[in-house]
Structure formats: structure tokens, C-alpha cells
Amino acid sequence: MLKETEYNFYYKLKKQSVHKTEIPKTIIDSDVFSTLVNGGIVGKERVGRGHIYQVVKPADFGRFLSSVFPNPDISVSNKSGNIAKFRDSKATTTEGKRITFLRGFKNVRVNKQEINLTHYTDNFGLFAVELKSLETPKICFVENLDTFLEAEKRIKDDFVFMHTYGRIGGELIKSINAVDVLVFSDYDFIGLNEYLKFKSHFPSAKFFIPENYDYLFQRFSKPLKKKDGGQQIPGEAVKNSADEIVIKIREQVLKTNHFLEQQIVIREINEN
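Calculation rules
- Residues numbered from 1 in each chain as written.
- Predicted model: local features only at pLDDT ≥ 70, side-chain atom pairs only at ≥ 80, totals over all residues.
- Heavy atoms only, no water.
- Buried < 20%, exposed > 50% of the residue type's maximum accessible area, 1.4 Å probe, protein only.
- Helix = DSSP H or I, 4+ residues; strand = E, 2+ residues; numbered from the N terminus.
- Pairing = 2+ DSSP bridges.
- Core = buried A, V, L, I, M, F, W, Y, C linked by side-chain atoms within 4.5 Å.
- Contact = heavy atoms within 4.5 Å.
- Axes fitted to C-alpha atoms, helices over the stretch in contact; angles between N-to-C directions.
- pLDDT = per-residue confidence, 0-100.
- Phe/Tyr/Trp six-rings, centres within 6.5 Å; stacked < 30°, edge-to-face > 60°.
- Lys NZ or Arg CZ within 6 Å of the ring centre and 35° of its normal.

**A short note on the pairing of strand 10 (residues 160–164)**
Of all the 5 residues making up strand 10, 5 are buried; the element is thus mostly covered by neighbouring parts of the structure. In strand 10, alternate side chains face the same way, and those of Val-160, Met-162 and Thr-164 on one face and Phe-161 and His-163 on the other are all buried. Two strands pair when backbone bridges link them, and strand 4 (residues 99–103) and strand 10 are joined in this way by 4 bridges, in the antiparallel orientation. Bridged to Thr-100 within strand 10 is Thr-164. Sheet analysis places strand 9 (residues 138–142) next to strand 10, joined by 3 bridges and oriented parallel.

**Some remarks on the pairing of strand 12 (residues 180–184)**
In terms of burial, strand 12 is a largely internal element, 4 of the 5 residues being buried. Sheet topology note: the strand 12/strand 13 (residues 206–207) ladder contains 2 bridges and is parallel. Within the sheet, the bridge partner assigned to Leu-182 lies in strand 13 and is Lys-206.

**As for the nonpolar core**
Core analysis: the biggest nonpolar cluster contains 53 residues, and Val-110, Leu-134, Met-162, Phe-184, Tyr-187 and Phe-198 have the highest contact counts within it. If one sorts the elements of this core by residue count, helix 9 (residues 189–201) sits on top with 5 residues. Aside from chain neighbours lying at most four places away, what touches Val-110 is Leu-102, Ile-115, Phe-127, Val-129, Leu-131, Ser-133 and Leu-134. Counting 19 residues, the second largest nonpolar core, distinct from the first, contains Ile-27, Ile-28, Ile-41 and Phe-69.

**So, the sheet that holds strand 13**
The 6 strands lie next to each other as 7-4-10-9-12-13, forming an open sheet whose pairing is mixed. Looking along the sheet, the strands with just one partner apiece sit at the ends: strand 7 (127–130) and strand 13. Where helix 6 (residues 117–124) meets the sheet, it contacts strand 4, strand 7 and strand 10, and its direction lies at approximately 90° from that of strand 4.

**Observations regarding the confidence of the model for the protein**
Looking at the protein as a whole, the pLDDT averages 85, with 85% of positions reaching at least 70. Contacts for the low-pLDDT stretch residues 80–86, under 50 throughout, to residues beyond four places or in other chains number 33 contacts.

**Some thoughts on the sheet that holds strand 8 (residues 134–135)**
Strand pairs in the sheet, formed through backbone hydrogen bonds, run parallel or antiparallel to each other. Read from one edge to the other, the open sheet built from 4 strands follows the order 6-5-8-11, with strand pairing classed as mixed. Lying at the two open borders of the sheet, with one neighbouring strand each, are strand 6 (113–116) and strand 11 (176–177). Pairing of strand 5 (residues 107–110) with strand 8, which is carried by 2 bridges, proceeds in the antiparallel orientation. Each bridged residue has a counterpart across the sheet, and for Arg-109 the counterpart in strand 8 is Glu-135. Packed onto the sheet, helix 6 meets strand 5 and strand 6 and runs at close to 40° relative to strand 6.

**Looking at the packing of aromatic side chains**
Evaluation of the coordinates by the stated rule reveals 15 aromatic pairs. A centroid spacing of 5.1 Å and a plane angle of 65° characterise the contact between Phe-33 and Tyr-53, whose relative ring orientation is edge-to-face. Taken together, the residues span a long stretch of sequence, with Phe-33 in helix 3 (residues 31–38) and Tyr-53 in strand 3 (residues 50–55) at a distance of 20 residues. By the burial criterion, Phe-33 is buried, and Tyr-53 matches it. Geometrically, the ring pair formed by Phe-61 and Phe-64 is tilted, given 5.6 Å between the ring centres and 45° between the ring planes. Of this pair, Phe-61 and Phe-64 both sit in helix 4 (residues 58–68), 3 residues apart, which is roughly one turn of that helix. Put simply, the rings of Phe-9, Tyr-10, Phe-33, Tyr-53, Phe-61 and Phe-64 touch in pairs and so form one group of aromatic residues. The cationic tip of Lys-138 hangs over the ring face of Phe-159; the distance from NZ or CZ to the ring centre is 4.8 Å.

Right, here's the structure in full:
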């Protein structure tokens, strides 16, 4: 399916000729563009040492635009808008719904309303909300859902636990008002990156390291690989960080090509 880059190009081409050097390579090499040129709908003409492309058959080109961009004038703000305009929910980046899960045994202020979190945790296991603001003295972000549902077994001290649907973004972090911030993630590059996101907004944020971390790593760590079998590498923030914890885990993962999943931390508690 065609996306925003193609949309911008084809609507520009509708109005004027376009020099080859102005056309993205992905479009020049695409089957769609080749079909338009080979079918005589778009013409190619030499100009100096280069070429320009222009619409030769406006009626046919108009039918092409209508078929691939059924609603060209709508403003896209969500995935349904992407489908309506581009026939592809992922055509453009849109701001997702900030769905957040909370657990704990304290009252918190969520979207400026007082919430008895104990009631929801005891009766339903969690409290879910499209988060706009959160106020609580102590917050612990937990990367994985299964660990989030048991995190209080390992982390006490009246922390409120938070887990997000998808990766946490900067805007969501800014919506949190807390004093003590703890990040409980996998002990890999992704987990370190999540930690550094919080650290950039909460300088005193800490990364949770169990006392028996070295033992757990030695016994339960697993090879570091992407889902497609490729090799994970640290992003720029992780690679350049001088944070003591980041250095420890980053260098350990790079040296061993292994990492520790956070779920084993909870498992150890269950087995003792």
C-alpha cells in the first residue's frame, strides 16, 4: 500500500512536472511508478543531462489517484484515518492511545481524580486508563505484563506499579508526577533504553537490580538475538551513556552476548 511519501509525490506530479533527481528512489524503483510510465500515463522527457516526468493522460492519472488514495483531503490523526486516506493503518506515524495499567495498594491521582488503587488491585488485578496525568509519590515502571502482575512480591516499599501498552513514550513519562522512580525491565539494551527515557525526565530514577543479579545472570541468561535471528545492538543513548548501571549491563551483554529476562527475578521469589 502507498504511504505518505508516495501521496506527496503523486499529488505534486498531478500539478507539475518533476525532475528525476527530486523523486525518491523507492518510488522510481516501485512497480506502481513503472506501470504508470510503461502505460503512458506518466511521460519521461529528457531535459539537459537529466529527465523530467509529467502526467500525459490526466483522466487516467486521476482514476489512479482515486483508487489508491480514496480520501485525499482528510486530516490523519489515528490509524482509522490512515486506512481511510492511504488504505494502510501504518501509512503515517500517529499518536497512539496511551493505555496504562496500574497496580498497588495506595490512593493515587489519575487524570486529576482520586483513585483507590487497592480496590481495583484486590478485585480486578489492575486499573487500566488512557493516561493523561498521574500523581503518586513512588512509581515503578515494569516492562513485561506478567512481571507487572507479580511485581509486589519482589519490590515492596509502597511502590505503585505501572505497565504500558507498547513502548513508553516521552509524552507519557512527562505526564507522571512522582518523587521516587524505579524501572524494572529486562537486563538488555531495550531495558536500558527504557531506563534512560525515565532518567532523562527524572534524574534520580533508578534501575532495579536484585541482590543476586550476578548469580541469576550466570545461571539463567539467554543468547541475545532479535526475533528475525539478527543481532541486537545498543542504541545511541545506551551506547553513549556514562551511567554506572548502564555501563555494567551494557558491557556484560556485549561481552557475553547474553541477557537476563526480568521474569526470573520473580520466579526466584516463588521458589524460595
